[in-house]
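Residue-level listing of the chains:
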Amino acid sequence: MRRVSIGIYGGTFDPIHWGHINAANQVQQKLGFDEVRMVLSARPPHRTQPIVSASDRFSLLQLALQDQPTLYADDCELKRSGPSYMVDTLLHYRKQAPESSIALILGMEAFNGLMSWHRWQDIIELAHIVITDRAGFNNQLETKLATYVEPFISTDKTQLKLLTHGKIYSQPVEPLAISATQLRQLLKNNEPVSQWVPDASLAEIQRHGFYS
Ligand code: ATP
């Protein structure tokens, strides 16, 4: 029986932008995942708190993904209380789909921060990790982390589907040079952003005056 493969793409999405969607789509297509779940970090534990509420960020995410057939807006971290730890999200999916291949998709700058994550060593016991490029960031693997991850690294993408978890694979993408931080600044300055945000989400941002 064919193993179902699920990508998990986490983010604060404050707000969602084409950089996220483009990277998620490229990974899904290049690795042939059945679906990618875009998991909104409701209460991100490792960064400054978001500007817009979790439920409003989730509405923007849903609007952004309405025309994306393989990307799903996922509110599992909204439904939990307490800090939104990725390890809890992966435990949730592992329990729901014990036989599925699950891959956490991270930009290299996010992956380089892995050692500061809650129960970070458990993550590779629950999922694969797929690392993508991020424009404007250093895409080199940090030396400290390199030693730890070395035994898990694979250059064979077929293993991501054959195994349920435990491999770290680098998937180059053509990243878009945008971040939510830059986007919030552009919105605050009333500068054009339509090239960076799906129309439906932008209309909602403007209707509520988010980030202005
Ligand atoms: P912020 O600027 O508020 O920190 P962000 O744009 O970096 O936000 P997040 O919402 O925190 O994005 O999402 C984090 C995930 O999205 C990380 O895995 C990060 O590498 C990835 N990501 C964000 N922007 C891009 C982009 N332009 N291209 C590729 N990956 C991206």
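Keep in mind that this is a model prediction, so the values were computed, not measured.

## Concerning unusual backbone geometry
Thinking step 1. A cis amide bond links Asp14 with the next residue in sequence, Pro15, at an omega value of 5°.
Thinking step 2. Among the structural elements, Pro15 can be located in the loop between strand S1 (5-11) and helix H1 (18-31).
Thinking step 3. If you check the backbone angles, Phe13 has positive phi at about 50° while not being a glycine.
Thinking step 4. Position of Phe13 among the secondary structure elements: in the loop between S1 and H1.
Thinking step 5. Residue class for Phe13 comes out buried when judged on its relative accessible area of 2%.

## Some details on the pattern of salt bridges
Thinking step 1. If you walk through the whole model with that rule in mind, you get nine salt bridges.
Thinking step 2. Residues Glu109 and Arg134 are paired through a salt bridge, measuring 2.7 Å at the closest nitrogen-oxygen approach. Linking Glu109 in helix H5 (residues 108-111) with Arg134 in the loop between strand S5 (128-132) and helix H7 (143-149), this pair joins segments that are 25 residues apart in sequence.
Thinking step 3. A relative accessible area of 26% means that Glu109 is categorised as partly exposed.
Thinking step 4. Each of Glu35, Arg37 and Asp74 takes part in one network of salt bridges that share partners.

## Observations regarding the packing of aromatic side chains
Thinking step 1. With the rule as written, the count across this model stands at four aromatic pairs.
Thinking step 2. Ring geometry for Trp120 versus Tyr148: centroids 4.5 Å apart, planes at 75°, classification edge-to-face. Of this pair, Trp120 sits in helix H6 (residues 120-126) while Tyr148 sits in helix H7, and the two are 28 residues apart along the sequence.
Thinking step 3. Using a relative accessible area of 14% as the deciding quantity, one classes Trp120 as buried.
Thinking step 4. On the numbers, 6.3 Å between centres and 70° between planes, the contact of Phe210 with Tyr211 is edge-to-face.
Thinking step 5. For Phe210, a relative accessible area of 13% translates into the label buried.
Thinking step 6. Grouped by ring-pair contacts, the aromatic residues Trp120, Tyr148 and Phe152 constitute a single cluster.

The rules we used
- Residues numbered from 1 in each chain as written.
- Predicted model: local features only at pLDDT ≥ 70, side-chain atom pairs only at ≥ 80, totals over all residues.
- Heavy atoms only, no water.
- Helix = DSSP H or I, 4+ residues; strand = E, 2+ residues; numbered from the N terminus.
- Buried < 20%, exposed > 50% of the residue type's maximum accessible area, 1.4 Å probe, protein only.
- Salt bridge = Lys/Arg side-chain N within 4 Å of Asp/Glu carboxyl O.
- Phe/Tyr/Trp six-rings, centres within 6.5 Å; stacked < 30°, edge-to-face > 60°.

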